[in-house]
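Breakdown of the fold
Listed below, chain by chain, are the residues.
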Amino acid sequence: MSYTQILSDAQQHNAKLIAVSKTQPIDKIKTLYDQGQRDFGENRVQEILLKKPQLPDDIRWHLIGQLQTNKVKKIIDQVVMIQSIDSTRLLDYVQKEAAKKELKIDVLLQIHIAEEQSKSGMQADEMKQILCKIKEGNYSQVNIRGLMGITTLTEDRQQIRSEFRNLHQLLEEGQTIHPEMDILSMGMSGDYSIALEEGSTMIRVGSLIFGTRN
Ligand SMILES: *Cc1c(COP(=O)(O)O)cnc(C)c1O
């Protein structure tokens, strides 16, 4: 499938396409940039820090992979969004470092929607606790823009659909506490069409655009 096809699918659903460039070389990223793509996703802090200086300044980098608290400081002023806030503890660190640097950063809360234990993310209760804390004046340096989720690795399309549906419903519940949340980041190479049907506003596609990773 081609980049332009995926982009047009996303646009038809008013969703944004994040090109996931992890493990991909600079020249491939540059080629996509020349086609107009500006939002790129990476899952490792080190890789963003390495690639960013070699590429145009107006690329919007999204961190989509697990973030260790000791790396928050390094990455917080290098990305437009951290999509992988998977614990209150991590969010507290992001708040602290953003305050030190006097900046405000967009984040998504990563929710555990898959069956497997291995996929990271927080539970619905923790999300609600966090959103309630915003009202009490916490998290002044972060904009909690919405939710991110990764589905179970399965061939069962019905299960994938229902996991996306659960995440969409959780966003709606969350919006009753924090109406500013407007992003639902869900859908990857194998399941982005289902995600768009289920209300995704942001798909994160890697291998389908760049080819398989080594
Ligand atoms: C790698 C990755 C993607 C993209 O995966 P593909 O299957 O290559 O499209 C999306 N989201 C996250 C969090 C990832 O780590």
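These numbers come from a predicted model, not from an experiment. (Residues numbered from 1 in each chain as written. Predicted model: local features only at pLDDT ≥ 70, side-chain atom pairs only at ≥ 80, totals over all residues. Heavy atoms only, no water.)

1. Some thoughts on the overall build of the protein chain
Condition: Here a helix means four or more residues in a row that DSSP labels H or I, a strand means two or more in a row labelled E, and each is numbered from the N terminus. We compute the radius of gyration from the C-alpha atoms alone; for a globule the expected value is 2.2 Å times N to the 0.38, where N is the number of residues. Here, two residues are considered to be in contact whenever any of their heavy atoms come within 4.5 Å of each other. The accessible surface values rely on the Shrake-Rupley method and a 1.4 Å probe; as for residues, cover is taken only from the protein chains in view.
Helix and strand content of the protein chain: 9 helices and 8 strands. Taking 2.2 N^0.38 as the reference for a compact globule, 214 residues should give roughly 17 Å; the C-alpha atoms of the protein chain span a radius of gyration of 17 Å, in line with that estimate. In the protein chain, of all internal contacts separated by at least 6 residues, the share reaching a separation of at least 24 is 58%. Carbon together with sulfur atoms contributes 45% to the accessible area of the protein chain, which is approximately 10300 Å² in total.

2. What to know about the side chain of glutamate 163
The following threshold applies: Accessibility here uses a 1.4 Å probe with only protein chains present; expressed as a share of the type maximum, an area under 20% marks a residue as buried, one over 50% as exposed, and anything in between as partly exposed.
On the secondary structure map, glutamate 163 appears in helix H7 (residues 157–177). Accessibility expressed as a relative area gives 4% for glutamate 163, which makes it buried. The residues contacting glutamate 163, other than those within four sequence positions of it, are Ile113, Ala114, Glu115, Thr151 and Thr152.

3. Digging into H7
Since the α-helix packs 3.6 residues into each turn, any two residues three or four apart lie on the same face. Rule in force here: Helix span, expected: 1.5 Å multiplied by one less than the number of residues in the helix.
The end-to-end C-alpha distance of H7, which contains 21 residues, comes to 31 Å, matching closely the 30 Å that a straight helix rising 1.5 Å per residue would cover. For H7, every residue scored as buried is listed here: Gln159, Ile160, Arg161, Glu163, Phe164, Leu167, Leu170, Leu171, Gly174 and Ile177. Contact partners of the buried residues in H7: strand E5 (105–111), helix H6 (124–135), strand E6 (142–149), strand E7 (183–185) and helix H8 (192–197).

4. Digging into the environment of glutamine 83
Applicable threshold: Pairs of N or O atoms are called polar contacts if they sit within 3.5 Å, as long as, within protein, a hydrogen donor faces a hydrogen acceptor (for residues adjacent in sequence, only side-chain-to-side-chain pairs).
Within the fold, glutamine 83 resides in strand E4 (residues 81–85). The exposure class of glutamine 83 is buried, given its relative accessible area of 0%. In sequence terms glutamine 83 and isoleucine 209 are 126 residues apart; their C-alpha atoms lie 20 Å from each other. Contact partners of glutamine 83, with chain neighbours within four places excluded, come to Ile18, His62, Leu63, Ile64, Leu108, Gln110, Met148, Ser185, Met202 and Arg204. For glutamine 83, the side chain forms a polar contact with the side chain of histidine 62, separated by 3.2 Å.

5. Here we look at the pairing of strand E2 (residues 39–42)
We apply this condition: Between any two strands, pairing holds if DSSP finds at least two bridges. If the strands point away from the viewer and the path from the first strand over the helix to the second runs clockwise, then the crossover is right-handed.
Side chains Asp39 and Gly41 of E2 all project onto a buried face; the interleaved residues Phe40 and Glu42 project onto the opposite face, where all are buried too. The sheet contact formed by strand E1 (residues 16–20) and E2 spans 2 bridges and is parallel. In the sheet register, valine 20 faces E2, and the bridge partner there is glycine 41. One crossover worth recording links E1 to the parallel E2 by way of helix H2 (residues 26–34), and it is right-handed. In this structure, E2 lies alongside strand E3 (residues 60–63), joined through 4 bridges in parallel fashion. Bridge pairing in E3 places glutamate 42 opposite leucine 63.

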